[in-house]
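An overview of the molecular structure
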Amino acid sequence: MRKAISELDDEHRAVLLEIADFGTAAFSSGLIVAMLKSVVDLFV
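Notes on the structure follow. Being a predicted model, the structure only gives us computed values, none of them experimental.

**Here we look at the overall build of the chain**
What the chain contains, in helices and strands, is 2 helices and 0 strands. Expressed along its principal axes, the backbone C-alpha trace of the chain runs to roughly 55 × 15 × 5 Å. Surface exposure of the chain reaches about 4200 Å², of which carbon and sulfur atoms provide 71%.

See the structure below:
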């Protein structure tokens, strides 16, 4: 995988990093929502 990424030009590498950042943000927000839901369910 590292070899494939190293062969990409700067523009493609930047797009790949942007997609990875979006995936990380989506995962993090889903995790936070799941944690908050479980905390709310404890009190209801």
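**Looking at the environment of Arg13**
Take Arg13: it is sitting in helix α2 (residues 10–43). Apart from the residues lying within four places of it in its own chain, the contact partners of Arg13 are Ile5, Ser6 and Leu8.

**Describing the environment of Asp9**
When you line up the elements, Asp9 lands in the loop between α1 (2–6) and α2. Each C-alpha atom of the pair Asp9 and Ser38 lies 44 Å from the other, and the pair is 29 residues apart in sequence.

**Topic: the pattern of salt bridges**
The final tally for this structure, using the stated rule, is 2 salt bridges. Here Arg13 and Asp10 are joined by a salt bridge, their closest N and O atoms 3.1 Å apart. With Arg13 and Asp10 both in helix α2 and 3 residues apart, the pair spans about one turn of that helix. Across the pair Lys37 and Asp41 runs a salt bridge whose closest N-O atoms are separated by 2.9 Å. In this pair, Lys37 and Asp41 are both assigned in helix α2, 4 residues apart and thus about one turn of the helix distant.

**Notes on a nonpolar patch on the surface**
A surface patch of nonpolar side chains, amounting to about 610 Å² of accessible area, comprises Val39, Val40, Leu42, Phe43 and Val44. In this fold, Val44 is placed in the segment after α2.

Conventions adopted
- Residues numbered from 1 in each chain as written.
- Predicted model: local features only at pLDDT ≥ 70, side-chain atom pairs only at ≥ 80, totals over all residues.
- Heavy atoms only, no water.
- Helix = DSSP H or I, 4+ residues; strand = E, 2+ residues; numbered from the N terminus.
- Areas by Shrake-Rupley, 256 points an atom, 1.4 Å probe, with all protein chains shown as cover.
- Contact = heavy atoms within 4.5 Å.
- Salt bridge = Lys/Arg side-chain N within 4 Å of Asp/Glu carboxyl O.
- Patch = residues over 30% accessible without salt bridge, like charges linked within 9 Å, V, L, I, M, F, W, Y side chains within 5 Å.

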